Amino acid sequence: MAGDSSSGMTDGSDTDYGRARRVGDIDWTRWRAVDTATLVFVQQETQVLLIDKKRGLGKGKVNGPGGKVDPGESVEQCAVRECREELGIEVAEIECLGEHRFQFVDGYSIHCFVFRTGTFSGEPRETPEAAPRWTPIDAIPYDLMWEDDALWLPLLLRGQAFEGNWIFDADRMVDHELILRERIEVVARTPLAPATTD
């Protein structure tokens, strides 16, 4: 999970997906997220680089580095930038293996692309956003992570592409659908325009 939460947003149509409690309640082909974001997992042999998230959505949880895509930035550029900002490392040869559509019951939504790499330079360091933690793959602290991570992170770490549709109430998973894929095509949909007050 990545990004910052806000409430009261819908998909721009007459459907308020914030009221959905089952993945079948949403037409995912029409669904549009408030934000587009990335997550990156650096894998080295039997370890993965995780972070203790210090601010934003998921503060206090363990996750991978990542965040919202800036205007004019590609999803891949965002993944590289977030690793630089959060951990002071430069990642390369990133591979997109996951695509998440997160709908929160408060109306917030996020479209997240998940990358894996074994190539980086620099020494991971703590920043105001995150503290690095190299973690053995067989000791990932799923109890400190978002509830969905235990379902898809093992797939990513073994190189399996996947797509997930998720409904959350705050940090509690309400419903989900996880689909295995041959590959993930990175196509970020246009996010919703910010609400205006006229």
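Overview of the structure. (Residues numbered from 1 in each chain as written. Predicted model: local features only at pLDDT ≥ 70, side-chain atom pairs only at ≥ 80, totals over all residues. Heavy atoms only, no water.)

Attention now goes to the pairing of strand β11 (residues 172-181). Here strand β10 (residues 161-169) pairs with β11 via 9 bridges, running antiparallel. Note that in β11 the partner of E163 across the bridge is I179. Linkage of β10 to β11, two consecutive antiparallel strands, is achieved through a turn of 2 residues, within which A170 is found at a positive phi near 60°. (Pairing = 2+ DSSP bridges. Helix = DSSP H or I, 4+ residues; strand = E, 2+ residues; numbered from the N terminus.)

As a further point, take unusual backbone geometry. For E93, which is not glycine, the phi torsion reads 50° and is therefore positive. Of the residues examined, E93 reaches a relative accessible area of 65% and is grouped as exposed. Located in the positive-phi region is A170, a residue other than glycine, with phi close to 60°. If you trace the backbone, A170 turns up in the loop between β10 and β11. (Buried < 20%, exposed > 50% of the residue type's maximum accessible area, 1.4 Å probe, protein only.)

If you walk through the whole model with that rule in mind, you get 10 aromatic pairs. Each ring, one from F102 and one from F168, has its centre 6.0 Å from the other, and the planes form 65°; the classification is edge-to-face. Taken together, the positions of F102 in strand β6 (residues 95-104) and F168 in strand β10 put the pair 66 residues apart, joining distant regions of the chain. On the basis of relative accessible area, F168 is assigned to the buried category, the value being 0%. Look at F104 and W146: their rings are 6.4 Å apart centre to centre, the planes differ by 75°, and that puts the pair in the edge-to-face class. A residue pair is termed long-range when its members are at least 10 positions apart, and F104 in strand β6 and W146 in the loop between β9 (130-136) and α2 (149-157) qualify at 42 residues. In this structure W146 comes out as buried when scored by relative accessible area, which is 3%. Taken together, the ring pairs in this structure connect F102, F104, Y108, W146, W166 and F168 into an aromatic cluster. Seen from the ring of W146, K61 lies directly overhead, with NZ or CZ sitting 5.1 Å from the centre. (Phe/Tyr/Trp six-rings, centres within 6.5 Å; stacked < 30°, edge-to-face > 60°. Lys NZ or Arg CZ within 6 Å of the ring centre and 35° of its normal.)

Moving on to the pairing of β10. With 8 of 9 residues buried, β10 is to be regarded as a mostly interior element. Relative to β10, β6 runs parallel, the two being bridged by 7 bridges. Across the sheet, the residue bridging to R101 is N165, located in β10.

Buried residues of α2: D149, W152, L153, L155, L156 and L157, and no others. G159 sits one or two residues past α2 and shows a positive phi near 85°.

Further remarks concern the nonpolar core. In terms of nonpolar packing, the biggest core is built from 44 residues, with F41, F104, W152, L153 and L156 touching the most fellow members. Put simply, the parts of the chain that give this core at least two residues each are β1 (35-44), β2 (47-53), α1 (75-87), β6, β7 (109-117), α2 and β10. Core analysis: the second largest hydrophobic core is formed by 9 residues, Y17, V23, W28 and V105 among them. (Core = buried A, V, L, I, M, F, W, Y, C linked by side-chain atoms within 4.5 Å.)

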